[in-house]
Amino acid sequence: MDLLWSLLSITCLFLQLEGCTRVIKPNTVVVDVDMTLNTPSPCRNVKLQCGEHGPSVYWQRKKQKIGKGSELTIHVDEFLDAGNFTCHNDNGDILNHTLVLIQVTKNDRGEHPKQILQEISDQIYIKCETKNYSGVFECSWNLNMNPNTVQILIEAHRSNSSISCTVHDQDKSRAVCHELTYCPFQEELEKVGFNLHAIDGPRFENYSSEFFLADIVKPEKVQIHKKDEGDKKVVVSWEYPQSWDHPHSYFPLTFEVKALKNKHNCDHEVRSDPRTPNHKVPHKGSYHFFTEETSLQLNHSTKKYVFCVRAKDMYCNSPWSEWSAICSKKLRIKKQRNENRDRKKNSKHSDVLCMPSL
């Protein structure tokens, strides 16, 4: 009961400090600190309450006594001033504790500097994707710090919805979330809010992202097949990913298709022909077009081509899947010049882009 009263008193106390100090979880307080020189801040003096009254109560930090009484005021200027504060009775028993963390609001690098997570692109630190409309999505990030020293707290929310998230225990660089009440047949009217709290020692940093699931849906790789029909004719077909939603008529995909010479990979750009907006006429021996169909017939020798296919939701501006590729034969890969000439003659393996031919 005393611990509950103490926790509630701490919460109420910090809510009175104009938002510069807040409780992020039980017994953990974040203080916003402007670390530019000679900058006064109302957050630099922080009061901690033990919840127990009496002159026998004392406070410790790093096993050092730092004050007496049920209330302690600390001055927070830098990371050395933060840490875990405990209050004790005269027998030495711990009555309560408060972990004080610092979030830097400004320093010589600018406002809200970040250093726990790596920046993916301009002010973007988190990447979220889902492979279908099941309500399950995954968010990932890259740590600048040792995962063993970092604590990650995740919370996702949307009004009138329940979203649970689990952080990957080992590398702490991704989380899987499930919106239990998500319905794929209803239009999304509100974005999902994804918040990440990163703690490294006394340093606290907050990261956030907002998105509609329809904007982050990225299908899994399509399955691709090839069938030789003789007379230099080949039929390439592909299937919707097994994880994609049904019915396909309600969740249609559009496909990008390339037929490239073997020396190229799937990311090779094929210049569009102004006479063919859909790129169906080959340009210098390569094909590139978009289609809703799931097969393609070409009247060329398959020995010259790598076939590449990827997919995306037809109606949304969402990411493309990764490329799937298939080729007709194993390609010779050049070895390093210092390898034995006889070994070089006999060395062959499949191009990394291609699945085995069928």
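Before reading further, recall that the structure is shown in the block above.
Small disclaimer: the values here were computed from a predicted structure and weren't measured. (Residues numbered from 1 in each chain as written. Predicted model: local features only at pLDDT ≥ 70, side-chain atom pairs only at ≥ 80, totals over all residues. Heavy atoms only, no water.)

Quick look at the pairing of strand 15 (residues 192-200) now. Counting buried residues along strand 15, seven of its nine residues qualify, which places the element largely inside the surrounding structure. Direction of pairing for strand 12 (residues 150-157) relative to strand 15: antiparallel, over a ladder of eight bridges. For Ala 156, the partnering residue across the bridge sits in strand 15 and is Phe 194. Of the strand pairs in this sheet, strand 15 and strand 16 (residues 203-211) are connected by nine bridges, and their pairing is antiparallel. Each bridged residue has a counterpart across the sheet, and for Asn 195 the counterpart in strand 16 is Ser 208. The loop that links strand 15 with its antiparallel partner strand 16 comprises two residues; one of these, Gly 201, has a positive phi angle of about 65 degrees. (Buried < 20%, exposed > 50% of the residue type's maximum accessible area, 1.4 Å probe, protein only. Helix = DSSP H or I, 4+ residues; strand = E, 2+ residues; numbered from the N terminus. Pairing = 2+ DSSP bridges.)

The subject of this paragraph is the environment of Trp 141. Here Trp 141 is to be found in the loop between strand 11 (136-140) and strand 12. A residue is classified by how much of its surface remains accessible, and Trp 141, at 2% relative accessible area, is buried. For the pair Trp 141 and Gln 118, spaced 23 residues apart in the sequence, the C-alpha separation amounts to 7.4 Å. In this view, Trp 141 contacts Leu 117, Tyr 125, Ile 152, Ile 154, Lys 172, Ser 173, Arg 174, Ala 175, Phe 194 and Leu 196; residues no more than four positions away in its chain are not counted. Within the structure, Trp 141 has its side chain in polar contact with the backbone oxygen of Lys 172 (distance 2.8 Å). (Contact = heavy atoms within 4.5 Å. Polar contact = N/O pair within 3.5 Å; in protein donor to acceptor, adjacent residues only side chain to side chain.)

Now for the pattern of salt bridges. Within this structure, the stated rule accounts for eleven salt bridges. With a shortest N-O distance of 3.2 Å, Asp 32 and Arg 22 are connected by a salt bridge. Of the two residues, Asp 32 sits in strand 2 (residues 28-34) while Arg 22 sits in strand 1 (residues 21-25), which places them ten residues apart along the sequence. For Lys 127, the salt bridge goes to Glu 129, with nearest N and O atoms at 3.3 Å. By relative accessible area, which is 43% here, Lys 127 ends up partly exposed. Classification of Glu 129 as partly exposed rests on a relative accessible area of 25%. Salt bridges here are not isolated pairs; linked through shared partners, they connect Lys 127, Glu 129, Lys 218 and Glu 322. (Salt bridge = Lys/Arg side-chain N within 4 Å of Asp/Glu carboxyl O.)

Counted according to the given criterion, the structure contains ten aromatic pairs. Ring centres 5.2 Å apart and planes at 50 degrees place the aromatic pair Phe 185 and Tyr 250 in the tilted group. With a gap of 65 residues between them, Phe 185 in the loop between strand 14 (174-179) and strand 15 and Tyr 250 in the loop between strand 18 (233-239) and strand 19 (253-261) connect regions that are remote in the sequence. Considering the side-chain rings of Phe 290 and Trp 320, the 6.0 Å spacing of their centres and the 40 degrees angle between planes classify their relative orientation as tilted. Of this pair, Phe 290 sits in strand 20 (residues 287-291) while Trp 320 sits in the loop between strand 22 (305-313) and strand 23 (324-327), and the two are 30 residues apart along the sequence. Sitting over the ring of Trp 320, Lys 312 keeps its end group 5.9 Å from the ring centre. (Phe/Tyr/Trp six-rings, centres within 6.5 Å; stacked < 30°, edge-to-face > 60°. Lys NZ or Arg CZ within 6 Å of the ring centre and 35° of its normal.)

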